[in-house]
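Residue strings, one per chain:
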Amino acid sequence: METPLRTDFFRCFDPKLVEIVSGREVEAAMFAAAAYQSGLCDGIFVNGDAIDNWEFLEITKCMSRFVFNKPSKSLSNVDFSLLSNAERFKLVSQDFSIDLNNMPRLVDLCLQWHQKHKGLENLDHLRTLQLLHVGRSAKSLPVLPSGLTELQLSYYAQETLQSENTLDNLETLEIFSARNLVSLPELRKLKFLSLSHINNSFSYASLPSSIESLELIRCPPITDWQVLSHLTLHSLDVTSTETPRERFPRLVDSVA
């Protein structure tokens, strides 16, 4: 069923989100709550730092999705237990940390990483995680929930993928802009891997042998398909990456 075309003042880039507009916060929140109850939206969107009064979150606390793009630092003073119903949450900001223990129902999470974020490892229902800007100062990835199956890393500054706990349950891994990445660990259950804008020193021999679908965008040149000889791929998609003239010889038909 298609989402009805919205013409309201609080529409934004996503038809399932209601934008909270500065100066009309309560009005927007009441509209969002009503739209949520009617199945017309699933969350709210706050863009920029113009909002400092967060009392409207009392009205929208029933909602399942919250998106905050570079909000005011005043958001750090909010009681995040108001978002305890959240299943999808996105925060793009390095200005403050949050306690994720207040959102135990999260299934999908996107964070601009901050060393003092708390509770990520306790999100038992989390399946999809996107981390932005994990810097070189971090010794490893944070402790991740054991049930995590999909991980996206953007602007990743470390040389390999290390975590204080196992990554063996990952089925999907996407890494964008990793200029220092030189290798990957063996990930037993990984089926889909996407690498984009990767260091020219990256070793294709380190690609996990379990992957069935591989996507390469602006990656180091492949001078010989032999570097992928340990893989049995059902799908190979290569864009803006130098490869041998002949086709990859080990591509097998996908099984329906």
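Data block above holds the structure.
Before going into details, it helps to say that this report is about the structure given with it. (Residues numbered from 1 in each chain as written. Predicted model: local features only at pLDDT ≥ 70, side-chain atom pairs only at ≥ 80, totals over all residues. Heavy atoms only, no water.)

## What to know about the layout of surface pockets
Taken as a whole, the largest pocket holds about 270 Å³ of empty space. Where the lining of the largest pocket is concerned, the elements lending two or more residues are strand E3 (65-69), strand E4 (88-92), strand E5 (108-112) and strand E6 (128-132). Take the lining of the largest pocket: its biggest share by element is 4 residues, from E4. Grouping the constituent residues of the lining of the largest pocket by class yields 7 nonpolar, 4 polar and 4 charged. (1 Å grid on protein atoms, 1.4 Å probe; cavity = no way out; pocket = protein on both sides within 12 Å on 5 of 7 lines; lining within 4 Å. Points joined across faces, edges and corners; volume = space filled by probe spheres on them. Helix = DSSP H or I, 4+ residues; strand = E, 2+ residues; numbered from the N terminus. Nonpolar A, V, L, I, M, F, W, Y, C, P; charged D, E, K, R; others polar.)

## Some thoughts on the sheet that holds strand E9 (residues 192-198)
Taken together, the 11 strands give an open sheet; going across it, the order is E1-E2-E3-E4-E5-E6-E7-E8-E9-E10-E11, and neighbouring strands pair in parallel fashion. Since the sheet does not close on itself, it has two edges, and those belong to strand E1 (17-19) and strand E11 (235-239), each with one partner. Taken over all neighbouring pairs, the strand axes of this sheet differ in orientation by 10° on average, direction set aside. (Pairing = 2+ DSSP bridges. Axes fitted to C-alpha atoms, helices over the stretch in contact; angles between N-to-C directions.)

## Comments concerning empty space enclosed by the protein
This model, assessed by the stated rule, comprises 1 cavity of 30 Å³ or more. Taken as a whole, the largest cavity encloses approximately 60 Å³ of empty space. Forming the boundary of the largest cavity are Leu144, Pro145, Ser146, Leu148, Thr166, Leu167, Asp168, Asn169 and Leu170. Residue composition of the lining of the largest cavity, grouped by class: 5 nonpolar, 3 polar and 1 charged.

## Examining the environment of Asn102
Tracing the backbone shows Asn102 in the loop between E4 and E5. Between the alpha carbons of Asn102 and Glu174 there is a distance of 27 Å; along the sequence they are 72 residues apart. Ignoring any residue separated from it by four or fewer positions in sequence, one finds Asn102 in contact with Phe80, Ser81, Leu83 and Ser84. A polar contact of 3.3 Å, which involves the side chain of Asn102, links it to the backbone oxygen of Asp99. (Contact = heavy atoms within 4.5 Å. Polar contact = N/O pair within 3.5 Å; in protein donor to acceptor, adjacent residues only side chain to side chain.)

## Details of the packing of aromatic side chains
Two aromatic rings are characterised by how far apart their centres lie and by the angle between their planes. Taken as a whole and assessed by the stated rule, the structure comprises 9 aromatic pairs. Between Tyr155 and Phe176 the ring centres are 5.5 Å apart and the planes differ by 90°, which places this aromatic pair in the edge-to-face class. One end of the pair, Tyr155, is in the loop between strand E7 (150-154) and strand E8 (172-178); the other, Phe176, is in strand E8, and 21 residues separate them in sequence. Here a set of aromatic residues connected by ring pairs shows up, and it is made of Trp54, Phe56, Phe68, Phe80 and Phe89. Its guanidinium or amino end placed over the ring of Phe9, Arg24 lies 4.3 Å from that ring's centre, counting from NZ or CZ. (Phe/Tyr/Trp six-rings, centres within 6.5 Å; stacked < 30°, edge-to-face > 60°. Lys NZ or Arg CZ within 6 Å of the ring centre and 35° of its normal.)

## Regarding the side chain of Thr241
Tracing the sequence through the fold places Thr241 in the segment after E11. What makes Thr241 buried here is its relative accessible area of 11%. A polar contact of 3.2 Å, which involves the side chain of Thr241, links it to the backbone nitrogen of Arg218. In terms of polar contacts, Thr241 uses its side chain to reach the backbone amide nitrogen of Cys219, at 3.0 Å. When neighbours within four sequence positions are excluded, Thr241 is seen to be in contact with Tyr204, Leu216, Ile217, Arg218, Cys219 and Pro220. (Buried < 20%, exposed > 50% of the residue type's maximum accessible area, 1.4 Å probe, protein only.)

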